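Inside the fold
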Amino acid sequence: MMDPSLYNVLYIDLTERKYEVQERRDLFEKYLGGTGVAIKLLEEECPKGVDPFSPDNPIIFAVGPLTGLYPLASKTVAMFKSPLTGNLGESHAGGRSAVAIRLAGYGAIVIKGASKTPVYISIFNDQVKIKDATTLWGMRSSYAVGRVLREVEPGAGKRTIMRIGIAGENLVRYANVVVESYRHFGRLGLGAVFGSKKLKAIVVAGTRSVKIDDLKAYMKVYEEIFRSLTETGVMSKYHVLGTAENVLPLNAMGALPTRNLMQTRFELAENISGEALAEKYLVRKIACTHCPIGCIHLASLRIAFAPGHEYETLIIPYDYEPIYSLGSMLGIGSVEGLLRLIEKVEGLGLDAISTGVAMAWATEAYQRGLISDKETMGLKPNWGEDVEVYIRMAERIAKRANEFYSALADGVEFAASKYGGLDFALACGGNEVPGYHTGPAALVGFLVGPRHSHLDSAGYGIDQKALRSLMTKEEMVRQIVEEERFRNVLTSLVICLFARGEYKLERVVKALEPVGIKTSSEELMRLGAEIQKAKASFKAREGYSPYKVRIAKRFLETPTPLGKLNEEELRSMIKMYIEMAGLESIYTSSN
Amino acid sequence: MSYRVSVVNIERCIGCYSCMFACSRLRFGEVSLAKSAIQVKSAGGIERGFVIVVCRACVDPPCVKSCPTRALTPRPGGGVIFDESKCNSCKSCYEACIVRAVVWDEERGKPIICRYCGFCTKFCPHDVIVFEPVGRELLV
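Since the structure is predicted, the reported quantities are computational estimates derived from the model, not experimental observations.

Rules used throughout
Residues numbered from 1 in each chain as written. Chains lettered and ligands numbered in written order. Predicted model: local features only at pLDDT ≥ 70, side-chain atom pairs only at ≥ 80, totals over all residues. Heavy atoms only, no water. Helix = DSSP H or I, 4+ residues; strand = E, 2+ residues; numbered from the N terminus. Rg over C-alpha atoms; globule rule 2.2 N^0.38 Å. Buried < 20%, exposed > 50% of the residue type's maximum accessible area, 1.4 Å probe, protein only. Contact = heavy atoms within 4.5 Å. Areas by Shrake-Rupley, 256 points an atom, 1.4 Å probe, with all protein chains shown as cover. pLDDT = per-residue confidence, 0-100. Pairing = 2+ DSSP bridges. Axes fitted to C-alpha atoms, helices over the stretch in contact; angles between N-to-C directions. Core = buried A, V, L, I, M, F, W, Y, C linked by side-chain atoms within 4.5 Å. Left-handed = near helix turned anticlockwise from the far one by under 90°. Nonpolar A, V, L, I, M, F, W, Y, C, P; charged D, E, K, R; others polar. Buried area = accessible area lost by both parts, 1.4 Å probe. Salt bridge = Lys/Arg side-chain N within 4 Å of Asp/Glu carboxyl O.

1. Describing the overall build of chain A
Each helix and strand counted, chain A has 25 helices and 18 strands in total. Taken over the C-alpha trace, chain A has a radius of gyration of 22 Å; the compact-globule value for 591 residues is 25 Å, and the two agree within 12%. Expressed along its principal axes, the backbone C-alpha trace of chain A runs to roughly 65 × 60 × 50 Å. Buried positions account for 66% of the 591 residues belonging to chain A. Long-range contacts, defined here as pairs at least 24 residues apart, represent 68% of the contacts in chain A between residues at least 6 apart. Working note: accessible area of chain A is about 19,500 Å², and carbon and sulfur atoms make up 50% of it.

Below, the structure written as structure tokens:
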């Protein structure tokens, strides 16, 4: 039997300032945890058509039956209605969050209502407190917020400190929630939903234990998974250079979006590559709780601020996506400049991908004369020339400094609808595009995926397979559908997607057995398909239609390694996706 | 020869807590970060790295000297042996250990004392902790 603490769902109401715990065995037994449980809770808790900034928009966190039990089952799923796309908000983060929630005795947390004054939530086992956060509101950097809470809350080293920056406070529609300083609930604006509830932070710590049904079998499966993850080299990509390893290969194949995707090769890619960062700037690798891989790469940047060897030193996390969005996409080829910009964006609590893509559009719009010095408040963005300009722009977005920056804070699609330049406003389904111009599978994945993210179905991997050996469009779409379902299984458990090669279905089945869950690969894939439908239903309910999704011209003009993309073909692939995933009754062509 | 767990490469620690989970798994048959004889903590913000607290297997252990019921006795060659049946939960040992290697189990109201099995070291991905003879650092 599963340890029953997983079934505990903690419901917090910020308006009434009260909380209760309900046992939701029904949800966890059917949907495991993570994405599966979260989408069901979202269906229950989120009223149709609600304004994402309404107190009625719920924030849902969920972990799974393997959380804490096995290496790399280390992530938390967040769901909410996205202020950026107006439909499904789904975001995953690691850090200490998942294990902290589980060992505090919960499988999920639901936060509803809104406070009138700034608050933070402190959860320590069964003690739940809503505390005053007035002094934290408006604090310049999200890092500082963490430093304060670290001193006043219990559970050092084992707790999670989730918090927003000023971007979240100001309802920037793609504001992040920063977790343990260097991890994030990124994309789709969870930070803004926090901000709308005047919720500055959540601290969760727990000292509970999880009991295991079949200890002997558990020890054996654990050892097998641990050895395989740490000794076979299967995870070395993530540990050695980290995701930044992608920079050079993507650049070499002509798939690294550069200067708002006017190019796909960046002549300064070497400077900002994983290799360059590792050799000169990497100072420490750290891990999420219960992950022996340690993919979190921290760079140290020494900046002279006065003559006489006066230096300040910044510690900055880096990954492929911020290198793309705040680097090549803006033409920034100076690693010092890139790291300074990343540090600023993270400190403000902005999503790195969305911010970079929005600023890339703004640069092109400025150069084409769609906006002027009046809109930019005197800033003159010019591909990589002056990083300081982009640092100032990010600050102004986070502060919604004027009408123009406020439009940028509402997303690139919104800004371009207002000022022109939709053809080169690179959002898919309303979410700013991630850094893979590899071919049709990637783009179709961004257009139809529940999160409009590279993480939904990893189409970039399918494109790269197609580069090596011919693949029909049908086969590409089939793989997108299958991969998305498989990922729904992993994210219900909630296993880090980096470990997807290790946690194949057969192994997942084996890992679940000692904790009392008997299932099969087929059953898991059926669940993956059901969750796919549930997410699509939510998206459709809130007005999203894959038939009507906008495809920016720029995606079609700039060739991918698989050639130029064609709108008609992409639309036919979207149709295939809907059919193959069995979503026709959900996404009817008329809506 | 008595063995103990030593922290030899603390700057390599990534804070994965695999060692703590190993300890609680073997000792208590549970998944826990509270019930572990080895304790990993952040040194004050994870960018500064980590602190790992293990029993140093003292030759003349203060925890033994503080124990009024002889639940703790010296182990030959260094370290202590804990007899839970004699423990009266007075917490003196916890107070006596200035490195806080005596972990307090709130649930049982008893100390968690390292058994020097070295199981935790098998799950450290970067050789931060090793299983070695007591007193080795003095010899080399």
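2. Structural notes on the overall build of chain B
For chain B, the count of helices and strands is four helices and nine strands. Mapped from its N terminus to its C terminus, chain B presents α and β elements in the order β-α-β-β-β-α-β-β-α-β-β-β-α. Relative to a compact globule of 140 residues, whose C-alpha radius of gyration would be 14 Å, chain B shows 15 Å and is just as compact. With respect to the principal axes defined by its C-alpha atoms, chain B has extents near 40 × 40 × 25 Å. When each of the 140 residues of chain B is scored for burial, the buried share is 54%.

3. Some words on the confidence of the model for chain B
Looking at chain B, pLDDT values average 93 and 96% of them are 70 or higher. What the predictor reports for the complex is a pTM of 0.97 with an ipTM of 0.94.

4. Describing the sheet that holds strand β4 (residues 76-81) of chain A
Where strands meet in a sheet, backbone hydrogen bonds hold them as pairs that are either parallel or antiparallel. All names here are of chain A. Here we have six strands laid out as an open sheet, ordered β2-β1-β6-β3-β4-β5, and mixed in their pairing. Whereas interior strands pair on both sides, the edge strands pair on one side only; in this sheet they are β2 (18-23) and β5 (88-93). With strand direction ignored, the average angle separating the axes of adjacent strands in the sheet is 15 degrees. In this structure, β4 lies alongside β5, joined through six bridges in antiparallel fashion. The partner of Val 77 across the bridge, within β5, is His 92.

5. A short note on the nonpolar core
Residue and element names in this part refer to chain A. Ranked by size, the top nonpolar core spans 149 residues in total, and within it Phe 61, Tyr 70, Ile 111, Ile 123 and Ile 202 carry the most contacts. Residues in contact with Ile 111, not counting those within four places in the same chain, are Ile 12, Leu 14, Asn 57, Pro 58, Ile 59, Phe 61, Ile 121, Lys 197, Leu 199 and Ile 202. Judged by nonpolar contacts, the second largest core, of 111 residues, contains Tyr 320, Ile 323, Ala 362 and Ile 586.

6. Things to note about the packing of helix α20 (residues 459-468) of chain A against helix α21 (residues 473-492) of chain A
Residue and element names in this part refer to chain A. As a packed pair, α20 and α21 sit with axes 10 Å apart at the nearest point and diverge in direction by 145 degrees. The hand of the α20/α21 crossing is right-handed. Across the interface between the two elements, Ile 462, Asp 463, Lys 465 and Ala 466 of α20 pack against Met 476, Gln 479 and Ile 480 of α21. For the contact of α20 with α21, a count of residues per class yields four nonpolar, one polar and two charged.

7. Looking at the interface of chain A and chain B
Taken residue by residue, the interface counts 37 residues in chain A and 33 residues in chain B. The junction of chain A with chain B conceals about 2,800 Å² of combined surface from both sides, 59% of it contributed by carbon and sulfur atoms. Area buried by chain A at its contact with chain B is led by Lys 158, Met 219 and Arg 284 of chain A, which between them contribute 21% of it. Remark: the boundary between chain A and chain B carries two salt bridges.

8. Here's the deal with the sheet that holds strand β14 (residues 282-286) of chain A
All names here are of chain A. Pairing in this open sheet of three strands is antiparallel, and the strands run β14-β15-β16 from one edge to the other. Pairing within the sheet leaves two strands with one partner each, and these edge strands are β14 and β16 (310-318). Strand-to-strand, the axes of this sheet are offset by a mean angle of 30 degrees, without reference to chain direction. In this fold helix α12 (residues 335-348) packs onto β15 (296-306) and β16, with an angle of close to 70 degrees to the strand it touches most, β16.

9. Things to note about helix α1 (residues 18-28) of chain B
Residue and element names in this part refer to chain B. The element α1 is extensively covered by neighbouring structure, given that nine of its 11 residues are classed as buried. Taken together, the buried positions of α1 are Ser 18, Cys 19, Met 20, Phe 21, Ala 22, Cys 23, Ser 24, Arg 25 and Phe 28. Residue Gly 29 follows α1 closely and has a positive phi angle near 65 degrees.

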